[in-house]
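Fold and geometry: a report
Each chain is listed here by its residues.
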Protein chains: 2
Amino acid sequence: MLAYPDIEAAAARLRGIAHRTPVLTSRTLDAQLGCQVLMKAENLQRMGAFKFRGGYNAVNVLGEAERSRGVIAFSSGNHAQAVALAARLHGCPATIVMPSDAPALKLAATRGYGAEVIVYDRYTQDRAAIAAQLAAERGGALIPPFDHLPVMAGQGTTALELIEDAGPLDALIVCAGGGGLLSGCAVAARHLLPGIEVYGAEPERGNDMQQSLRRGEIVTIEVPRTICDGQQTQAVGRQPFEVIRRLVKDVLTVPDPVVVEAMRFAFERMKIVLEPSGACALAALMQHRERFAGRRVGVTLSGGNIGIERFIALISGAETVD
Amino acid sequence: MLAYPDIEAAAARLRGIAHRTPVLTSRTLDAQLGCQVLMKAENLQRMGAFKFRGGYNAVNVLGEAERSRGVIAFSSGNHAQAVALAARLHGCPATIVMPSDAPALKLAATRGYGAEVIVYDRYTQDRAAIAAQLAAERGGALIPPFDHLPVMAGQGTTALELIEDAGPLDALIVCAGGGGLLSGCAVAARHLLPGIEVYGAEPERGNDMQQSLRRGEIVTIEVPRTICDGQQTQAVGRQPFEVIRRLVKDVLTVPDPVVVEAMRFAFERMKIVLEPSGACALAALMQHRERFAGRRVGVTLSGGNIGIERFIALISGAETVD
């Protein structure tokens, strides 16, 4: 089970390597929402998302010999780039398995960090078989995207830094997909501020974590139809869920149009770029503002990896999932 | 003549009031340009631009009695919002005179800060006459946008903070319009790092400051046709020029398409929003990269006040001045 010393150790490994991202505030937002909002801008992190923290920590904790055989990851999104960059920084080979329909920008970025990218057809090929074959052939270490203690610990440094820089908070809202960031942040926040309320935020149509938390067991759903492509996980990870069920108060859900509203606010008033999943916690605060009235609320802005053309399509309403 | 103690005093006044904006770095940019770039993100400043520093300092240095009669400013852009917000923070009235064709967003934002906005027709009405009448009627203090020592001193705190946070720099490139930011930053930078080379950056079609510096006297030009609406000044201010002629090495010019390229890079790789004038110094570094090869270069990202629709028009090429 993830514990606070794991996060402290990850913070020491990341010092001088990860950006210490700024905590942003907006008096306009505070006035609109009736609370004080402190936002951890992980869109300004290396490779554009908090995923770098977990990927780097997971590669760093491997032994030298293990690392020299290389690392392997499966991801269509930010975790691919995180592991590729972490491997390059450690001078070890990386093999990233990505679906052939992953965005061209993300394929290019992953290759740009020096990783070997293996594409597969997600409709006809079996990911597990590819993984088994790769592991047999190459003997490298597999770095899972969230159900992995070093990944959870690295991602938990997000809340550690936020609280160090912002001071006491009454509540913390964290973007939630597989639960790596949420579980890590919950451990850090509840250790530093035992009275804090920690919430997850997920798209309304992909509310598997809300269902899981309320039922007390992991619920698996169909691949959710949402613009929040970083949160299309079908089920929370087993190890994250062990943390989340104990330390997280509730999971808040958000309709896609409110996510777009949060992206627009971030652009026009805060001058920053958020990808849909990166705006989900801010959108959850907008959607559920009455619950946080008069309080000091921390929010993760978890990523900004979105091409300018897709951003325009979402803002203009040309892209929806309806 | 502006001196370093003026900037130190302004920094003390701004402490806890202005945001200490982050210094951003991008290894991708460093690799592309062949130098190490340290960017002061004043787009994340209060009201979205460095102008807040000058406006606040100028209102703050007024005596209580003078301030109670209110402050007056003429501006179609960020200076209007800066003075309006500074006045509100001091609890004094503000009158802002803006052309009737100023962007609706900026008119609304200025009113949103509690200022009285007086609009005039810039083609048929005389700004100077309006100013004289207002001063006679109301007796308030006029806060000029750049040719004013407290404004220059406040804006110079941008370079002071950048150097405190980034450490030694070989060169500094500053967005230049009327010269308030450039003169303030030159005084701060050359005091802290006597060997630093300070450059201004302006749009190619509005190169009055380059002409003025090279001729050694202030050159006045027609209103320049450029997308950089914050740099459509026709001549550098007298007091800024006294500083610039002594402390600034050269002024670099940039064609509009390179400004758009810098805005796109900032969006896609740095996850931040820059208005055209706010991207001008970064664009100048892109355009003149060979001059800075292998060096540590500071850059001001001076503002991010741009509506999402105009941003899209510029990026898509729908808006140009040709």
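Just so it is clear, the structure is predicted and the values come from calculations on it, not from any experiment. (Residues numbered from 1 in each chain as written. Chains lettered and ligands numbered in written order. Predicted model: local features only at pLDDT ≥ 70, side-chain atom pairs only at ≥ 80, totals over all residues. Heavy atoms only, no water.)

Quick look at the overall build of chain A
What counts is decided by this rule: Helix numbering and strand numbering both begin at the N terminus, where a helix is a DSSP run of H or I of at least 4 residues and a strand a DSSP run of E of at least 2. Radius of gyration here is computed from C-alpha atoms only, and the compact-globule reference equals 2.2 Å multiplied by the residue count raised to the power 0.38. Categorising residues by exposure relies on relative accessible area from a 1.4 Å probe, with only protein chains included: less than 20% of the type maximum marks a residue as buried, more than 50% marks it as exposed, and the intermediate range marks it as partly exposed. All accessible areas in this document rest on Shrake-Rupley with a 1.4 Å probe, and a residue is counted as covered only by the protein chains that are shown. His residues and chain termini do not enter the charge count, which takes Lys and Arg as positive and Asp and Glu as negative. A single reference atom marks each charge: NZ on Lys, CZ on Arg, CG on Asp, CD on Glu.
When helices and strands are tallied, chain A shows 14 helices and 10 strands. A globule of 322 residues ought to have a C-alpha radius of gyration of about 20 Å, and chain A, at 18 Å, matches this closely. Oriented by its inertia axes, the alpha-carbon framework of chain A measures out at about 55 × 45 × 40 Å. For chain A, the proportion of its 322 residues judged to be buried stands at 62%. Carbon and sulfur atoms make up 49% of the accessible area of chain A, which amounts to about 11,900 Å² in all. Looking at charge distribution, chain A has the averaged site of its 33 positive side-chain charges lying 4 Å from that of its 33 negative ones.

Considerations on the pattern of salt bridges
All names here are of chain A. Put simply, the rule is: Salt bridges are defined by distance alone: a side-chain nitrogen of Lys or Arg within 4 Å of a carboxyl oxygen of Asp or Glu.
Per the stated rule, a full pass over the model turns up 32 salt bridges over all chains. Of the charged contacts, one joins Arg295 and Glu197 as a salt bridge, the two residues approaching to 3.1 Å between their closest N and O atoms. Taken together, the residues span a long stretch of sequence, with Arg295 in the loop between helix H13 (280–287) and strand E10 (296–301) and Glu197 in strand E8 (residues 197–203) at a distance of 98 residues. By relative accessible area, which is 21% here, Arg295 ends up partly exposed. Salt bridges sharing partners connect three or more residues here, namely Lys40, Glu42, Arg53 and Glu161.

Description of the domain arrangement of chain A
All names here are of chain A. Cut-off, in case you're wondering: By convention here, the domain bounds are inherited from an automatic or database domain assignment. The criterion used for residue contact is that any of the two residues' heavy atoms lie within 4.5 Å. In short, buried area is how much 1.4 Å probe accessible area vanishes from two parts on joining, totalled over both.
Considered domain by domain, chain A is made up of domain 1 (4–49 + 148–316) and domain 2 (52–142). Here the C-alpha centroids of domain 1 and domain 2 sit 24 Å apart. Facing 26 residues of domain 1, the contacting portion of domain 2 comprises 16 residues. Counting the surface lost from both domain 1 and domain 2, the interface buries some 1,700 Å², and carbon and sulfur atoms represent 59% of this.

What about the sheet that holds strand E10 (residues 296–301) of chain B?
All names here are of chain B. Rules: For two strands to count as paired, DSSP must find a minimum of two bridges between them. For every element, the axis is a line fit to its C-alpha atoms; helices are fit only across the contacting stretch, and the angle between N-to-C directions ranges from 0 to 180 degrees.
Across the sheet, 6 strands lie side by side as E1-E2-E10-E7-E8-E9; this open sheet has mixed pairing. Each of the sheet's edge strands pairs with one partner strand only, and the pair in question is strand E1 (23–24) and strand E9 (250–254). Note: strand E8 (residues 197–203) against E9, 5 bridges, orientation parallel. Each residue of the ladder has a partner; that of Tyr199, found in E9, is Asp250. Against the sheet, helix H10 (residues 208–215) engages E8 and E9, with an angle of about 150° to E9.

Focus on unusual backbone geometry
For Lys271(A), which is not glycine, the phi torsion reads 65° and is therefore positive. In this fold, Lys271(A) is placed in the loop between helix H12 (256–270) and H13.

Quick look at the nonpolar core
Condition: For our purposes a nonpolar core is just a set of buried Ala, Val, Leu, Ile, Met, Phe, Trp, Tyr and Cys residues, chained together by side-chain atoms within 4.5 Å.
Counting residues in each nonpolar core, the largest one holds 94 residues, and the members touching the most others are Ile173(A), Val299(A), Ile173(B) and Val299(B). In contact with Val299(B), other than residues within four places in its own chain, are Val37(B), Leu38(B), Met39(B), Lys40(B), Leu162(B), Leu172(B), Ile173(B), Ala281(B), Leu282(B) and Leu285(B). Membership of the second largest hydrophobic core comes to 37 residues, among which are Leu2(B), Ala11(B), Met152(B) and Val236(B).

Details of the relation of the copies chain B and chain A
What counts here: Overlaid copies result from least-squares superposition on C-alpha atoms, with residues included only where pLDDT is at least 70 in both.
Here chain B sits on chain A after a turn of 180° about the axis and a move of 0.0 Å along it, with an RMSD of 0.0 Å. Classification of the inter-copy transformation places it as that of a two-fold axis. Residue Ile272(B) of chain B places its C-alpha closer to the rotation axis than any other residue of that unit, at 2.1 Å. Of the residues that chain B buries at the interface, 100% are likewise interface residues in chain A, meaning the two copies contact each other through the same surface.

Observations concerning the interface of chain B and chain A
Stated formally: Within 3.5 Å is the distance limit for a polar contact, defined as a pair of N or O atoms, with the added protein rule that one can donate a hydrogen and the other accept it, and that residues adjacent in sequence qualify only through two side-chain atoms. Classes in brief: Ala, Val, Leu, Ile, Met, Phe, Trp, Tyr, Cys and Pro nonpolar; Asp, Glu, Lys and Arg charged; the others, Gly included, polar.
Contact with chain B, which involves 28 residues of that partner, is made by 28 residues of chain A. Contact with chain A buries area across many residues of chain B, yet Phe267(B), Lys271(B) and Ile308(B) alone supply 31% of it, more than any other trio. Counting every contact that joins chain B to chain A gives 2 salt bridges. Put simply, Glu309(A) and Arg264(B) hold a salt bridge, and the shortest N to O gap is 3.0 Å. One can count 8 residue pairs in polar contact (both at pLDDT 80 or more) joining chain B with chain A. Grouping the constituent residues of the side of chain B that touches chain A by class yields 14 nonpolar, 7 polar and 7 charged.

Overview of helix H12 (residues 256–270) of chain B
All names here are of chain B. Counted only if it meets this: Take the number of residues in a helix, subtract one, and multiply by 1.5 Å to get its expected span.
The end-to-end C-alpha distance of H12, which contains 15 residues, comes to 20 Å, matching closely the 21 Å that a straight helix rising 1.5 Å per residue would cover. Taking burial as the measure, the 15 residues of H12 include 11 buried ones, the bulk of the element. Two residues or fewer after H12 comes Lys271, characterised by a positive phi angle close to 65°.

Some remarks on the side chain of Gln231(A)
All names here are of chain A. Structurally, Gln231 can be placed in the loop between helix H10 (208–215) and helix H11 (238–247). You can call Gln231 buried: its relative accessible area is 3%. A distance of 3.2 Å separates the side chain of Gln231 from the backbone oxygen of Ala201, its partner in a polar contact. If sequence neighbours within four positions are ignored, Gln231 has contacts with Cys175, Ala176, Gly177, Ala201, Glu202, Pro203, Pro224, Ser277 and Cys280.

Points about the sheet that holds strand E5 (residues 116–120) of chain B
What holds strands together in a sheet is hydrogen bonding between their backbones, with the strands either parallel or antiparallel. All names here are of chain B. One open sheet accounts for 4 strands, arranged E5-E4-E3-E6; its pairing is parallel. Edge positions in the sheet fall to E5 and strand E6 (141–142), since each has one partner strand and no second. The sheet contacts of helix H6 (residues 104–112) involve strand E4 (94–99) and E5, and relative to E5 the element is tilted by about 150°.

What about the packing of aromatic side chains?
Rules: A pair of Phe, Tyr and Trp rings is counted when the ring centres sit within 6.5 Å of each other, with Trp represented by its six-membered ring. The angle between the planes then sorts it: under 30 degrees is stacked, over 60 is edge-to-face, the rest tilted.
Taken as a whole and judged by the stated rule, the model has 9 aromatic pairs over all chains. Members of the aromatic cluster, joined through ring pairs, are Phe267(A), Phe311(A), Phe267(B) and Phe311(B).

Topic: helix H7 (residues 127–138) of chain A
Here H7(A) contains 12 residues, and its C-alpha end-to-end distance of 16 Å stays within 8% of the 16 Å for a straight helix at 1.5 Å per residue. Gly139(A) occupies a position one or two residues after H7(A) and carries a positive phi of about 70°.

Some remarks on the confidence of the model for chain A
Note: predicted coordinates in regions of low pLDDT should not be interpreted at a detailed level. Applied cut-off: Across the chain, each position has a pLDDT score giving the predictor's confidence in that residue, from 0 to 100.
On average, residues of chain A score 94 in pLDDT, and 100% of them are at 70 or above. Interface scoring of the predicted complex returns ipTM 0.91; its pTM is 0.93.

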